[in-house]
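Chain residues, written in single-letter form:
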Amino acid sequence: MSMVQAEQTLQEVLAAYDLGGTVESADRFGEGHINDTFRVNVLLPDGGARRVILQRVSPVAFKEPDKLMENIVNVTEYLGREIEKLGGDPSRETLSVLRARDGRACVTDSQGGAWRAFPFVEGTVCYQSAETPELFAASGRAFGRFQRLLRDYPAHTLHETIPRFHDTENRLQNLKNAVAADPLGRAKDCRADIEFMLAREKDCSAALQAQRDGVLPLRVTHNDTKLNNVLMDEKTGEALCVIDLDTVMPGLAINDFGDSIRFGANHSAEDEPDLSKVNLDVELFEIYTAAFLGEAGEALTEAEIRYLPWGAKLMTLECGIRFLTDYLEGDVYFHTTRPGQNLDRTRTQCKLVADMEAHWDELSAIVERYIKG
Ligand code: ADP
Ligand code: GN1
Ligand code: MG
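In short, a report on the structure. (Residues numbered from 1 in each chain as written. Chains lettered and ligands numbered in written order. Predicted model: local features only at pLDDT ≥ 70, side-chain atom pairs only at ≥ 80, totals over all residues. Heavy atoms only, no water.)

## With respect to the pairing of strand β2 (residues 36–43)
Rules: Two strands pair if DSSP finds at least two bridges between them. Numbering goes from the N terminus for both helices and strands, where a helix is a DSSP run of H or I of at least four residues and a strand is a run of E of at least two.
Judged from the six bridges that link them, strand β1 (residues 22–28) and β2 form a sheet pairing that is antiparallel. Among the inter-strand pairings, Ala-26 is bridged to a residue of β2, identified as Val-40. Linking β2 to strand β3 (residues 49–56), which pair antiparallel, is a turn of five residues; within it Gly-47 sits at a positive phi near 90°.

Pasting the structure below:
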């Protein structure tokens, strides 16, 4: 679906909300690749201020925004109750959906765009890379806790917001289709990258086969566990709030682990053009494993723990496949700010996959230590 710039309907959407005061400004915010995110400053009648996150849900990624919002409302309300039981502060430790004047969780603009609003979680920092091991460990605790808190959530009541989201076999098939169609003639610039993916066709089935065999159970998972999808408390440095809940649906716990490793267990940006700077940090892998399992451990089976390195490798390989597919298709899915960015992103993922393969025995030995027996 082609879409007008989000700015075009921003004022109209703002008018659909009563934010308790006068809107002073609304500016693009954050470094997400998918939605159009704005931070709104509101001047309150008592002279105070309030900030709100207003987002247009990506029409390319999400075809049924109402169902997506139903998931988010239900999951955040559930999380709020669980956090309260534990003596926490739901207003900071989970997102909550702000309703429009008409009571809806989702506002549709005159161009068909779907929007939603959340309170801006104040006093937090969102990091784009694991600047310190402590920070990375904190994110591991957050996603591990997320897994544990939703352990008893009725998974079958969740809508699948993106069908076959982490179906790596299907992702590879989509890449093959894009290579065959090659609408922009870009395939000639990335033969080696394409070969890298195709050489790992068998790997693409590793987790899916284990799932089909009943070895890996379906759980409620986040499915997009990048470091910049968790907000850190500015004062304590502890992870406070897991955000970006668009892809919460039934999935594999190893993928939640793996996507965090993909993004955070290294010291480079996802689109770093200088591959000599892109390296898997095995120590960070170990630190994240300890943190994630420390919170989620009880909820996971021995097989899941044993498959954690597969989660890391597959999420990285799959993400590389997706970036490359998008590059070939003309950068229509992931937001880009410069030409060739999706190809650079592809290559960092390939480098990390190769590193994981080179360190495979070490990674396996690390997770093995967490299997009780
Ligand atoms: P995308 O799917 O595009 O990644 P996100 O929901 O992750 O969208 O939002 C993009 C960025 O906006 C986040 O990485 C974070 O920096 C910021 N953000 C989103 N929601 C909030 C919030 N409630 N409070 C503070 N910052 C937020
Ligand atoms: C997207 O939405 P964001 O920027 O947090 C993508 C993830 C990818 C990630 C790569 C819904 O995450 O699947 O792993 O980019 N989200 C969606 O950085 O496709
Ligand atoms: Mg995000």
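From this point on, the discussion continues.
## Notes on the sheet that holds strand β5 (residues 114–119)
Let me state the cut-off plainly: Only heavy atoms matter for contacts: two residues are in contact if any of them lie within 4.5 Å across the pair. Lines fitted to the C-alpha atoms define the axes, with helices restricted to the stretch that makes contact. Angles between their N-to-C directions range from 0 to 180 degrees.
Reading across from one edge, β1-β2-β3-β5-β4 is the order of the five strands in this open sheet, with antiparallel pairing throughout. A single partner strand is all that each edge strand has here, and the edge strands are β1 and β4 (107–108). Where β3 and β5 come together, five bridges link them in antiparallel fashion. Within the sheet, the bridge partner assigned to Gln-55 lies in β5 and is Arg-116. Across the sheet, helix α1 (residues 7–14) is in contact with β1, β2, β3, β4 and β5; its angle to β1 comes to roughly 150°.

## Remarks on the coordination of the magnesium ion (ligand 3)
Note the threshold: Coordination shells were defined by N, O and S atoms within 2.8 Å of each metal, extended to 3.2 Å for Na, K and Ca; water is absent from the atom set, which can make sites look incomplete. Only protein chains enter the area calculation, which uses a 1.4 Å probe; residues under 20% of their type maximum are buried, those over 50% are exposed, and those in between are partly exposed.
Ligation of the magnesium ion (ligand 3) by protein atoms is provided by Asn-229 (OD1) and Asp-244 (OD), these donors lying 2.2 Å from the ion. Pair noted here: Asn-229 is in the loop between β7 (219–221) and β8 (230–233) and Asp-244 is in the loop between β9 (239–242) and β10 (249–251), with a separation of 15 residues, a long-range link. Residue Asn-229 is classed as buried on the basis of its relative accessible area of 5%.

## Focus on the layout of surface pockets
Rules: Cavities and pockets were defined on a 1 Å grid built over protein atoms only: a cavity is a set of grid points that admits a 1.4 Å probe from which the probe cannot escape, a pocket is an open set flanked by protein on both sides within 12 Å along at least five of seven lines, and lining residues are those with an atom within 4 Å of any such point. Grid points are joined across faces, edges and corners, and a volume is the space filled by probe spheres set on the points. Side-chain classes are defined by residue name, with Ala, Val, Leu, Ile, Met, Phe, Trp, Tyr, Cys and Pro counting as nonpolar, Asp, Glu, Lys and Arg as charged, and the others, Gly among them, as polar.
Taken as a whole, the largest pocket holds about 820 Å³ of empty space. Put simply, the parts of the chain that give the lining of the largest pocket at least two residues each are β3, β5, β6 (124–125), α8 (253–264) and α11 (308–329). Here the lining of the largest pocket takes five residues from α11, the largest share from any one element. Taken together, the residues of the lining of the largest pocket sort by class into 22 nonpolar, 13 polar and eleven charged.

## Topic: α11
Helical geometry note: an α-helix holds 3.6 residues per turn, so side chains three or four residues apart project in the same direction. Convention followed: To estimate how far a helix should reach, multiply one less than its number of residues by 1.5 Å.
A rise of 1.5 Å per residue sets the reference length of α11, with its 22 residues, at 32 Å; its end C-alpha atoms lie 31 Å apart and thus fit the reference within 8%. Most of α11 is tucked away: 20 of the 22 residues are buried. Directly after α11, the chain includes Gly-330, whose backbone phi takes a positive value near 100°.

## Quick look at the side chain of Glu-272
Going by this rule: Polar contacts, as used here, are pairs of N or O atoms within 3.5 Å; protein pairs need one atom able to donate a hydrogen and one able to accept it. Residues neighboring in sequence count only if both atoms are side-chain atoms.
With respect to the element layout, Glu-272 can be found in the loop between α8 and α9 (282–296). A distance of 3.0 Å separates the side chain of Glu-272 from the backbone nitrogen of Asp-274, its partner in a polar contact. Ignoring sequence-local partners within four residues, the contact set of Glu-272 consists of Lys-277, Val-278, Asp-344 and Thr-348.

## Observations regarding the site of ligand 2
What counts is decided by this rule: Whether a residue is near a molecule or strand depends on its heavy atoms: if one lies within 4 Å, it is near. The method behind every accessible area is Shrake-Rupley, applied with a 1.4 Å probe, and residues are considered shielded solely by the protein chains displayed. Assignment of a molecule to a cavity or pocket requires that more than half of its atoms lie within 2 Å of the corresponding grid points.
For ligand 2, the set of nearby residues contains 17 residues, the closest of which are His-33, Lys-226, Glu-270, Arg-322 and Tyr-333. Residue His-33 places a main-chain N or O atom 2.8 Å away from an oxygen atom belonging to ligand 2. One of the side-chain N or O atoms of Lys-226 is found 2.8 Å from an oxygen atom in ligand 2. The fraction of the free accessible surface of ligand 2 (440 Å²) that becomes covered by protein chains is 98%. Mapping ligand 2 onto the cavity grids shows that it belongs to the largest pocket. If you tally residues by element for the shell around ligand 2, the top one is α11, at three residues. Considering only residue class, the shell around ligand 2 consists of seven nonpolar, four polar and six charged.

## A short note on the sheet that holds β9
Across the sheet, three strands lie side by side as β6-β8-β9; this open sheet has antiparallel pairing. Two strands close off the open sheet at either side, each with one partner strand: β6 and β9.

## Looking at the state of the cysteines
Operational definition: Disulfide: a pair of cysteine sulfur atoms within 2.5 Å of each other.
Taken as a whole and assessed by the stated rule, the structure comprises zero disulfides. With no disulfide partner, Cys-106 has as its closest neighbouring cysteine sulfur the one in Cys-241, 20 Å distant. For Cys-204, which is in no disulfide, the shortest distance to another cysteine sulfur is to Cys-350 and amounts to 12 Å. Take Cys-204: its relative accessible area is 1%, and that puts it in the buried class.

## Some remarks on the packing of helix α6 (residues 191–198) against α11
Operational definition: Throughout, the term roughly parallel applies to angles under 35 degrees, roughly antiparallel to angles over 145, roughly perpendicular to angles from 65 to 115, and oblique to all others. Throughout, a crossing is termed right-handed when the near helix is turned clockwise from the far one, and left-handed when it is turned anticlockwise from it by less than a right angle.
Across the interface, α6 lies against α11 with an axial gap of 11 Å and an inter-helix angle of 140°. Judged on the interaxial angle alone, α11 and α6 are oblique. Viewed along their axes, α6 and α11 form a crossing whose handedness is left-handed. On α11, the residues that touch Asp-193, Ile-194, Phe-196 and Met-197 of α6 are Leu-317, Gly-320, Ile-321 and Leu-324.

## Description of the site of ligand 1
Surrounding ligand 1, one finds 18 residues, the nearest of these being Asn-35, Gln-55, Asn-228, Asn-229 and Asp-244. Val-121 places a polar main-chain atom, nitrogen or oxygen, 3.0 Å from a nitrogen atom of ligand 1. With respect to ligand 1, the side chain of Asp-244 contributes an N or O atom lying 2.9 Å from an oxygen atom. Its free accessible area being 550 Å², ligand 1 has 96% of it covered by the protein chains. Judged by the fraction of its atoms near the pocket grid, ligand 1 is located in the largest pocket.

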